[in-house]
Amino acid sequence: MKKIKNILFVLIIAMAFACSKDDSNPETDNNQILEGGTIYTAQIVEIDIESVTSETYQGILGDTTIELRKTTENTLAFFVEPDFIAGSTTLTIEGLDNLKVNYTIEETVLTQNVEETIQPYFDQILIERQALFLANADEKAIQLIDSFIDLYPTLDEQQKENLSIFYEANKNLIDAAINGDANRFNSNLASQFTSCEASIYLTGILGVFTTISTSLPFTQIATPILAVSTGILLAETYENCSSLSSATIKNTFVQAEDQIFNSGDFERNSANESVINFSSDDARDISIQIQNRTMLPGDSNDSNNFISTYFSATSSFNALVIQKMNAAINYLNTEWSIFFNIEPYQEITVSEMPTTETTSMTSDDYNNFTFSVSNSNLNLESISFSDGGINAKIKIVDESAMNGEFETATLDFTYQDDFNSFSGSFDIKVSIFSLVGTTWKFCFVSDGFCEEVDTITFLSDGTVSTPGLQSFDEVVENYYVTNNNFLEIKVTVSSEEYSYCDAIEDYIYFTEIESDTFTLQKVSDTEYSGTLTSSEPAYTNPNYPECSTPAYSDSESIIFLKL
C-alpha cells in the first residue's frame, strides 16, 4: 500500500508541475548550485528543499529581490514577474545558506489570441461544475465558478490579456488542479488516505499563490482564476479528507464470546469472562465482535503511516491552504463584491469525542486475522469464517500426555489492516471427548422406550461402520461431521432389486438407492438425540414407463447411546 501511495504521489507531482522544478533534494551549503532549467515570465516556479522551516524566504533573482513562499513541508515557490528580462540568471536564497539556482528565463508569449487562449479553461470548469453538481460536492466551488463566469465579461481588454498570459504560463498547474484525482469518490479508505495526501500537496501551491496574487499588481487579476482552481480542488480535498475524520478505522477491542481484548491497551479485560470450551476434534462456532472508533487528536503520532501522515498533511493544509484561501476569498468578496459572496472554508479537524462502531466479524475482517494455539499438545485442525465469527476445530495430539480430562491454552491471534496492527489471545479449554473408535447403539424412540436397531462405530477416516452395511451391494456415500455439538451422519447405499409390474405382467429389475441421514445433537458425552431421515428416489423403467416405483421419505426420532 505504501508503494502504491508513493507512486500516486509522484504521478500527481509530475503531472502538476511541468513548470521548472529542481531534480535534486539538496543539502543546503554555501557551495551548492542547482540547475533549475528553463522557466517563463508570469510563471509560478517551485523548488524542492529539505525541511522548509520558515513560511517565507527572501531571495534575489538576478538583481531583483523576490519573496519565496512555503507551499509544502519540503517545497518553496516564487512568481516570475511578467516584465522580468529574459536570459540566464541566478536565484540566491540567503536564508538557506546562500543556496543558488541557475535558470534560463523566457518570455511567455500567447500563440493564440486572448479568447482562444482562455477558452479551454472555461470549457474545463463548466465540465467540472456539472460533475460537482452531480456529486453534491461543496457549494463553494460551484459558487466560485459561477462568480468567475459572471465576472469575466466585465473585464477590460488589458485585464483579459493579463489573465490569458498567466493561464498560458501556468496551464499545467491549473489544469491539473481542475482535472483533479480520478479516485475522488473512491470508497476504499486506504485509497482515500492516499488521495487526501496527494490532493493536499497539489492544493498547497495553489492556496499559497491565491493569497500572493492579491498583493502583486499583475496577478491581482489572476486571483479569481487561482481561487476557482483551488476551490475545485478543495471540493475534492474535502471529499477525500473530511470524510476520513469521521471514519471508524482505529480498533478499540476484539470480543470472542464474552472475552474482550482491548487492542488500544494491548491487554485482556478479564471481568465477567469465561473460558471458550472445545471438544477434541469437534468443530464449533465462536461469535466475534469488533469495535472501531474515529481518529482522535492524540493519534497524530500514531505508528501507522496513513494516520500520522493524515495529521501532518491536514495540519499543513489548514495553514498553507485554508487560511490563505480564506484571505483570498475575503479579497474577492471585497474587490468584486458584485460577483463574489463566498463563505470562508472551515479547517479540517478531528473531534476530541470519538464515535465508535461495533460490528460482527465479516469475511473481510476475518482475512485480517491469523490464528494459532499456544499448547504444543493441541493442533488447530481447521479454522474458517462463519457468519459473524469463526468456526474452529482443535484436536488433542496425545491424550496419554495429559494430566487430566482437558488441556488449557490460548487461542492466539494477530490482526493487521491498513490502519491497525496488534496481537492478542483468548483462553480456551479442550476436552478429551472424541467419537473416533467409539461404538454406539442407536434406537428409535416410540411409546416412551428405546427399541434397539443397530450399532455404529466411528472410524478415523471420517466414515462409520455398521453390521447392516454388509447386506448392500455398494456403499455410495458414507461420512460423519461434528460441529457445535451437532453430529451429522449420512450413508447412501445401492442394491439390485426387482418389482412385479401389472402393466406387462412381469418383473422389472432396477438399482435401488437408499439414503439414511442422522441429524443429532449432543446431550452428554454418552448420548445424542435427534432424527433419522430415510429416503429413496422414484424409479421409472426406461422401456416401460408405466412400470415405476414411487419416491419415499420418512423421519423418526432416534437416540444414540455409547457402549
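It should be noted that the structure appears before, not after, this text.
Note that the structure is predicted; figures quoted are calculated from it, not measured.

Asker: Sorry, what's going on with the overall build of the chain here?
Answerer: If you tally the helices and strands in the chain, you get 9 helices and 28 strands. A total of 563 residues make up the chain; the buried ones form 48% of that total. Approximately 26,900 Å² of the chain is accessible, and the part contributed by carbon and sulfur atoms is 46%.

Asker: Before we go on, may I ask you to explain helix 4 (residues 157-169) in this structure?
Answerer: In an α-helix, one full turn covers 3.6 residues, which means residues spaced three or four apart are oriented alike. The end-to-end C-alpha distance of helix 4, which contains 13 residues, comes to 18 Å, matching closely the 18 Å that a straight helix rising 1.5 Å per residue would cover. Every buried residue of helix 4 is accounted for by K160, N162, L163, S164, I165, F166, Y167 and A169. N-cap assignment for helix 4: the residue whose side-chain oxygen lies 3.2 Å from the backbone N of Q158 is D156.

Asker: Please explain the environment of S300 as it appears in this structure.
Answerer: Structurally, S300 can be placed in the loop between strand 12 (284-293) and helix 8 (305-335). The sequence separation of S300 and F311 amounts to 11 residues, and the corresponding C-alpha distance is 5.4 Å. The contacts of S300, once residues within four sequence positions are left out, are S308 and F311.

Asker: What's the story with the packing of aromatic side chains in this structure? I'm lost.
Answerer: Aromatic rings in a pair are described by how distant their centres are and how their planes are angled relative to each other. Under the defined criterion, the tally for this structure stands at 31 aromatic pairs. Plain terms: the ring middles of F78 and Y103 are 5.9 Å apart, the flat faces sit at 65 degrees to each other, and that makes the pair edge-to-face. On the criterion of sequence distance, the pair formed by F78 in strand 5 (residues 75-79) and Y103 in strand 7 (residues 99-106) is long-range, its members being 25 residues apart. Y103 sits in the buried class, given a relative accessible area of 3%. One aromatic cluster in this structure is built from F261, Y366, F369, F371, F385, F413, Y415, F422 and F426. The ring of F278 has R284 sitting right over it, with the charged end atom 5.8 Å from the ring centre. Positioned above the aromatic ring of F406 is the side chain of K429, whose terminal nitrogen or guanidinium carbon lies 4.6 Å from the ring centre.

Asker: Where do I start with the pattern of salt bridges in this structure?
Answerer: Where charged atoms from two side chains of opposite charge approach closely, those side chains can pair. If you walk through the whole model with that rule in mind, you get 8 salt bridges. The residue E67 makes a salt bridge to R69 at a minimum N-O spacing of 2.8 Å. The class of R69 is buried, set by a relative accessible area of 16%.

Asker: What is the right way to read the state of the cysteines from this model?
Answerer: By definition, a disulfide links the sulfur atoms of two cysteines through a covalent bond. Scanning all chains against the criterion turns up 1 disulfide. The side chain of C501 participates in a disulfide bridge whose partner is C547; the two sulfur atoms lie 2.0 Å from each other. Since a negative S-S torsion denotes a left-handed disulfide, the C501-C547 link at about -80 degrees is left-handed. Linking C501 in strand 23 (residues 486-501) with C547 in the loop between strand 26 (539-540) and strand 27 (548-549), this pair joins segments that are 46 residues apart in sequence.

Asker: Is there a simple way to explain the sheet that holds strand 11 (residues 276-279) in this structure?
Answerer: Strand pairing in a sheet is mediated by backbone hydrogen bonds. Such pairs are either parallel or antiparallel. Ordered in space as 11-18-17-14, the 4 strands form an open sheet in which the pairing is mixed. Edge positions in the sheet fall to strand 11 and strand 14 (369-373), since each of these pairs with one other strand and no more. Here the strands of the sheet are splayed against their neighbours by 30 degrees on average, with no regard to which way each runs. The pairing of strand 11 with strand 18 (residues 421-431) spans 4 bridges and is parallel. Paired with F278 across the strands is V430, a residue of strand 18.

Asker: Is there a simple way to think about the packing of helix 2 (residues 114-134) against helix 3 (residues 139-151) in this case?
Answerer: Helix-helix packing is characterised by the crossing angle of the two axes and by the distance between the axes. In contact at an axis separation of 10 Å, helix 2 and helix 3 are set at 145 degrees when each is read in the N-to-C sense. In the packing of helix 2 onto helix 3, the handedness of the crossing is left-handed. The residues of helix 3 that touch helix 2, namely those facing Y121, F122, I125, L126, R129, L132 and F133, are A141, I142, I145, D146, F148 and I149. Here the contact of helix 2 with helix 3 is built from residues that sort into 11 nonpolar, no polar and 2 charged.

Asker: I tried to follow unusual backbone geometry on my own but got confused; where do I start?
Answerer: If a residue is not glycine, its phi is most likely negative; likewise, a peptide bond is most likely trans. Residues other than glycine seldom take positive phi values, yet A42 does so here, at roughly 65 degrees. Relative to the helices and strands, A42 resides in the loop between strand 1 (33-40) and strand 2 (44-48). Non-glycine residue D97 carries a positive phi angle of around 55 degrees. Along the chain, D97 falls in the loop between strand 6 (87-93) and strand 7.

Asker: I keep staring at the sheet that holds strand 1 and nothing clicks. Help me out?
Answerer: Read across the sheet, 7 strands follow the order 1-7-6-3-4-5-2 without closing on themselves; strand pairing throughout is mixed. The outermost strands of the open sheet, each flanked by one partner alone, are strand 1 and strand 2. Averaged over all pairs of adjacent strands, the angle between their axes in this sheet comes to 30 degrees, without regard to strand direction. In this structure, strand 3 (residues 56-61) lies alongside strand 4 (residues 64-72), joined through 6 bridges in antiparallel fashion. Residue pairing in the sheet places Q58 in a bridge with E67 of strand 4.

Asker: Can you walk me through a negative patch on the surface in this structure?
Answerer: Taken together, the side chains of E115, E116, D156, E157 and E161 define an acidic patch exposed on the protein surface. Listed by contribution, the elements that provide at least two residues to the negative patch are helix 2 and helix 4. Here E116 shows up in helix 2. A residue is classified by how much of its surface remains accessible, and E116, at 42% relative accessible area, is partly exposed.

Asker: Help me out: how do you make sense of a nonpolar patch on the surface in this one?
Answerer: There is a patch of nonpolar side chains on the surface, built from Y498, Y500, Y507 and Y509 and spanning about 520 Å² of accessible area. Sorting the residues of the nonpolar patch by element identifies strand 23 and strand 24 (506-524) as the ones contributing at least two each.

Reading guide: rules and limits
Residues numbered from 1 in each chain as written. Predicted model: local features only at pLDDT ≥ 70, side-chain atom pairs only at ≥ 80, totals over all residues. Heavy atoms only, no water. Helix = DSSP H or I, 4+ residues; strand = E, 2+ residues; numbered from the N terminus. Buried < 20%, exposed > 50% of the residue type's maximum accessible area, 1.4 Å probe, protein only. Areas by Shrake-Rupley, 256 points an atom, 1.4 Å probe, with all protein chains shown as cover. Expected span 1.5 Å × (residues − 1). Polar contact = N/O pair within 3.5 Å; in protein donor to acceptor, adjacent residues only side chain to side chain. Contact = heavy atoms within 4.5 Å. Phe/Tyr/Trp six-rings, centres within 6.5 Å; stacked < 30°, edge-to-face > 60°. Lys NZ or Arg CZ within 6 Å of the ring centre and 35° of its normal. Salt bridge = Lys/Arg side-chain N within 4 Å of Asp/Glu carboxyl O. Disulfide = S-S within 2.5 Å. Pairing = 2+ DSSP bridges. Axes fitted to C-alpha atoms, helices over the stretch in contact; angles between N-to-C directions. Left-handed = near helix turned anticlockwise from the far one by under 90°. Nonpolar A, V, L, I, M, F, W, Y, C, P; charged D, E, K, R; others polar. Patch = residues over 30% accessible without salt bridge, like charges linked within 9 Å, V, L, I, M, F, W, Y side chains within 5 Å. Lys, Arg positive; Asp, Glu negative; His and termini not counted. Charge placed at Lys NZ, Arg CZ, Asp CG, Glu CD.

Take it as geometry only, folks, not as evidence of what the structure does.
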